[in-house]
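Letter by letter, the chains look like this.
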Amino acid sequence: MENKKEKDLRHRMAQYTKKDVAVAFSGGVDSSLLLKFACREAEQNGTKVYAVIVHTKLHPLGELEEAAEAAASIGAEPKTIFLDELKDADIEENPIDRCYRCKKCLFSEIKKLAEDLHVPVILEGTNEDDLHVYRPGIRAIQELGIQSPLADAELSKMEIRELARKYGVTAANKPSLPCLATRFPYGTRLTYEKMKKVDQGEAFLRKLGFYNVRLRVYDDLVRLEVDAKEMDRVIENRAQIIDRLKSLGYTYITLDLEGFRSGSMDVSIKKIK
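All figures in this text were calculated on a predicted structure; none of them were measured in a lab.

Caption draft 1: How the structure looks around the overall build of the protein chain. On a plain count of helices and strands, the protein chain comes out with eleven helices and seven strands. Scaling as 2.2 N^0.38, a compact globule of 273 residues should have a C-alpha radius of gyration of about 19 Å, and the protein chain matches this with 19 Å. A principal-axis box enclosing the C-alpha atoms of the protein chain has dimensions of 55 × 40 × 35 Å. Counting over 273 residues, the protein chain shows a buried share of 49%. Long-range contacts, defined as pairs at least 24 residues apart, comprise 74% of the intrachain contacts of the protein chain with a sequence gap of at least 6. Counting only carbon and sulfur atoms, one obtains 50% of the accessible surface of the protein chain, whose full area is about 13,700 Å². When the 45 positive and 45 negative side-chain charges of the protein chain are each reduced to one mean point, those points stand 1 Å apart.

Now the structure itself:
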């Protein structure tokens, strides 16, 4: 049985998919649920759904490799855009409005593709929780006229995961893996080499069984964030973790006693609407 928010989302997607639509697709739980609903309603309407995947080095490599396969399995036609965000979005110095610049660049390219495909509507996966934290990229999305059905239906991350499990979305329990630039303080010069090291370090920790993992990097010092309940396991695996992270070039390995929290690099920043 549908609850109020689920019904609201389905209704919105039924309206959007009266014509072909494009969904910005990362393979995470938010965009996966959005794509699932789009494909279900498009099938009823006899329209097409394109899953637009942006190939960028700012996200974990495995994510990009899995996204096209996941999109096709849901029922969409995958389309890939190649982007050098460090240069194209002018974010090499990791400015405080990095997310705004990046989203503006990314969705401008998606709009160009949508125009070539004669697709009038672009959808993306911002959720209700994102509206209450520092997310300057939302402003770019709004400026470009991109639609955010999950946020419009007031669905939180937890509710999205519940719906994803209900509809058999494989990404339902997948941890969030945001842009690798979020691992560095604002004003730090970003390079693909630095982000590749972070990706390799976090991948190693996930292989050890950690769910939420962030390596926050300050030159040769790394601040490790994991869920509070898993901190004992960090100590148990201390030798392996130290060896692997030092092999990546980090001199000082620290454990953040506050534990994992999204947006910990944004604590001194006031929300920009």
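Read on for the rest.
Caption draft 2: View of the packing of helix 2 (residues 29-45) against helix 8 (residues 157-166). For the pair helix 2 and helix 8, interaxial distance at closest approach is 10 Å and the crossing angle is 50 degrees. The orientation of helix 2 with respect to helix 8, classified from their angle, is oblique. As for the relative orientation of helix 2 and helix 8, their crossing is left-handed in sense. Residue-level contacts link V29, D30 and L33 of helix 2 to K157, I160, R161, L163 and A164 of helix 8.

Caption draft 3: The arrangement of the sheet that holds strand 2 (residues 49-55) in detail. Read from one edge of the open sheet, four strands run 3-2-1-4, paired in parallel fashion. The open sheet has two edge strands, strand 3 (77-82) and strand 4 (121-123), and neither has a second partner. On average, adjacent strands in this sheet sit at an angle of 30 degrees to one another, irrespective of strand direction. Judged from the three bridges that link them, strand 1 (residues 21-24) and strand 4 form a sheet pairing that is parallel. Paired with V21 across the bridge in strand 4 is V121.

Caption draft 4: Region of interest: the sheet that holds strand 5 (residues 213-218). In space, the three strands of this open sheet follow the order 5-6-7, with mixed pairing throughout. Here the strands that pair on one side only, and so sit at the sheet edges, are strand 5 and strand 7 (252-255). Each neighbouring strand pair of the sheet contributes to a mean axis angle of 25 degrees, computed without reference to strand direction. One ladder, built from four bridges, connects strand 6 (residues 221-226) with strand 7; its direction is parallel. Its bridge partner being in strand 7, L221 is matched across the sheet by Y252. Strands in contact with helix 9 (residues 192-207) are strand 5 and strand 6; relative to strand 5, the strand with the most contacts, it is inclined by about 145 degrees.

Caption draft 5: Just the UniProt feature "active site" (unreviewed entry) in the protein chain, in detail. Under the feature "active site" (unreviewed entry), the UniProt entry names C179. Along the chain, C179 falls in the loop between helix 8 and helix 9. Owing to a relative accessible area of 14%, C179 belongs among the buried residues under this scheme. Setting aside residues no more than four positions away along its own chain, C179 makes contact with L58 and H59.

Caption draft 6: Geometry of the side chain of S264. Tracing the sequence through the fold places S264 in the segment after strand 7. Reaching out from S264, the side chain makes a polar contact with the side chain of E225 at a distance of 2.6 Å.

Caption draft 7: A look at the packing of helix 9 against helix 11 (residues 238-247). Contact geometry for helix 9 and helix 11: axes closest at 10 Å, N-to-C directions at 160 degrees. Taken together, the axis directions place helix 9 and helix 11 in an arrangement best described as roughly antiparallel. You can see that helix 9 and helix 11 cross each other, and the crossing is right-handed. Where helix 9 approaches helix 11, its residues Q200, G201, F204 and L205 are matched on the opposing element by Q240, I241, R244 and L245. In terms of residue class, the contact of helix 9 with helix 11 is built from four nonpolar, three polar and one charged.

Caption draft 8: Summary view of the pattern of salt bridges. Under the definition given, this model contains 25 salt bridges. A salt bridge links K48 to E77; its shortest N-O distance comes to 3.4 Å. With K48 in the loop between helix 2 and strand 2 and E77 in strand 3, this residue pair connects regions lying 29 residues apart in the sequence. A salt bridge links D130 to R135, with the nearest nitrogen and oxygen atoms 3.5 Å apart. Residues joined in a network through salt bridges with shared partners are R216, R223, E225, D256, E258 and R261.

What counts as what
- Residues numbered from 1 in each chain as written.
- Predicted model: local features only at pLDDT ≥ 70, side-chain atom pairs only at ≥ 80, totals over all residues.
- Heavy atoms only, no water.
- Helix = DSSP H or I, 4+ residues; strand = E, 2+ residues; numbered from the N terminus.
- Rg over C-alpha atoms; globule rule 2.2 N^0.38 Å.
- Buried < 20%, exposed > 50% of the residue type's maximum accessible area, 1.4 Å probe, protein only.
- Contact = heavy atoms within 4.5 Å.
- Areas by Shrake-Rupley, 256 points an atom, 1.4 Å probe, with all protein chains shown as cover.
- Lys, Arg positive; Asp, Glu negative; His and termini not counted.
- Charge placed at Lys NZ, Arg CZ, Asp CG, Glu CD.
- Axes fitted to C-alpha atoms, helices over the stretch in contact; angles between N-to-C directions.
- Parallel < 35°, antiparallel > 145°, perpendicular 65-115°, else oblique.
- Left-handed = near helix turned anticlockwise from the far one by under 90°.
- Pairing = 2+ DSSP bridges.
- UniProt positions renumbered as here; feature names shortened; annotations may be inferred.
- Polar contact = N/O pair within 3.5 Å; in protein donor to acceptor, adjacent residues only side chain to side chain.
- Nonpolar A, V, L, I, M, F, W, Y, C, P; charged D, E, K, R; others polar.
- Salt bridge = Lys/Arg side-chain N within 4 Å of Asp/Glu carboxyl O.

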